[in-house]
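Residue strings, one per chain:
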Amino acid sequence: MAGKKKVKDDPRNKVIATNRKARHDYLIQDTYEAGLALLGTEVKSLRMGRASLVEGFVNELRGELWLENVHVPEYLNGSWTNHAARRRRKLLLHRHEMDKLISRSSEAGHTIVPLQLYFKDGRVKVEIALAKGKKQYDKRHALREKQDEREKQAQMSLRYQMQRGR
């Protein structure tokens, strides 16, 4: 019996890079999926699974959104047509989404950050988020909550193991 191929197993749908630091540094308010205007050597480099979103951000320039400071290394087998590793890349969004993001990101304390870079049906997509910066004490509080939750889970599993052992 031949079943359908699962979407997550499809090689055309895979995560290239995630920005875990963004979820630590920012309070995520709204997320969007955007396409990227890329060069051929950039796509080939991304297919090899090489990229970094850590220092990336989204900037508005002449009414359009641009992804900046994202590192896509040069394609090893490329020639003189190779791309610059940290060049500005245009985000492909609907006009109403762009206008909404631009107006909301101009508010104090708000920014647009990339969260994830991935392939979807063979095309490169980036998940961007409208985010508000966390204060240092908020970051410490969130880390403390995670640590408390881990300790609680460890205690529960230890109790469960002790009960089963009796």
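Residues numbered from 1 in each chain as written. Predicted model: local features only at pLDDT ≥ 70, side-chain atom pairs only at ≥ 80, totals over all residues. Heavy atoms only, no water.

If you check an unreviewed UniProt entry, the chain appears there as SsrA-binding protein from Kytococcus schroeteri. Reading the Sequence similarities (unreviewed entry) entry of the UniProt record for the chain gives the comment "Belongs to the SmpB family." A UniProt comment under Subcellular location (unreviewed entry) is attached to the chain, and it reads "Cytoplasm". (UniProt positions renumbered as here; feature names shortened; annotations may be inferred.)

What to know about the overall build of the chain
For the chain, the count of helices and strands is four helices and seven strands. Taken from N to C terminus, the helices and strands of the chain fall in the order β-α-β-α-β-β-β-α-β-β-α. In the chain, buried positions account for 30% of the 166 residues. The long-range fraction of contacts in the chain, counting pairs at least 24 apart against all pairs at least 6 apart in sequence, stands at 67%. Of the accessible surface of the chain, which amounts to about 11400 Å², a share of 49% is contributed by carbon and sulfur atoms. (Helix = DSSP H or I, 4+ residues; strand = E, 2+ residues; numbered from the N terminus. Buried < 20%, exposed > 50% of the residue type's maximum accessible area, 1.4 Å probe, protein only. Contact = heavy atoms within 4.5 Å. Areas by Shrake-Rupley, 256 points an atom, 1.4 Å probe, with all protein chains shown as cover.)

A look at helix 3 (residues 95–105)
Of the residues making up helix 3, those classed as buried are Glu97, Met98, Leu101 and Ile102. With its buried residues spanning 130° around the axis, helix 3 presents them on a single face. On its buried side, helix 3 packs onto strand 2 (26–36), strand 3 (57–61), strand 4 (64–68), strand 6 (110–120) and strand 7 (123–133). (Arc of directions from axis to C-beta.)

Regarding the environment of Leu27
By secondary structure assignment, the location of Leu27 is in strand 2. Between the C-alpha atom of Leu27 and that of Ala131, which follows or precedes it by 104 residues, the distance is 5.5 Å. With sequence-adjacent residues up to four places away left out, Leu27 is seen in contact with Leu130, Ala131, Lys132 and Lys134.

A word on the nonpolar core
Within the largest apolar cluster, 24 residues are counted, with the highest numbers of intra-cluster contacts made by Leu65, Leu91, Leu101, Leu117 and Ile128. If you list the elements that add at least two residues to this core, you get strand 1 (15–18), strand 2, strand 4, helix 3, strand 6 and strand 7. Ala22, Val113, Ala129 and Ala131 belong to the second-largest nonpolar core, a separate cluster that totals five residues. (Core = buried A, V, L, I, M, F, W, Y, C linked by side-chain atoms within 4.5 Å.)

Quick word on the confidence of the model for the chain
On average, residues of the chain carry a pLDDT of 79, and 85% of them reach 70 or more. Considering only residues more than four positions removed or in separate chains, one finds that residues 1–7, a stretch of pLDDT under 50, has two contacts. (pLDDT = per-residue confidence, 0-100.)

As for the pattern of salt bridges
Evaluated as defined, the whole model comprises six salt bridges. Here Glu33 makes a salt bridge to Lys120, at a shortest N to O gap of 3.3 Å. Taken together, the residues span a long stretch of sequence, with Glu33 in strand 2 and Lys120 in strand 6 at a distance of 87 residues. A relative accessible area of 36% means that Lys120 is categorised as partly exposed. Between Asp99 and Arg95 there is a salt bridge; the shortest N-O distance is 3.3 Å. Highlighted residues: Asp99 and Arg95, both in helix 3, separated by four residues, approximately one helical turn. The exposure class of Asp99 is partly exposed, given its relative accessible area of 39%. For Arg95, a relative accessible area of 44% puts it in the partly exposed group. (Salt bridge = Lys/Arg side-chain N within 4 Å of Asp/Glu carboxyl O.)

Describing the side chain of Glu68
Relative to the helices and strands, Glu68 is located in strand 4. Of note is the side chain of Glu68, whose polar atom sits 3.2 Å from the side chain of Asn59. At 3.3 Å, the side chain of Glu68 forms a polar contact with the side chain of Arg88. Ignoring sequence-local partners within four residues, the contact set of Glu68 consists of Glu55, Gly56, Phe57, Asn59 and Arg88. (Polar contact = N/O pair within 3.5 Å; in protein donor to acceptor, adjacent residues only side chain to side chain.)

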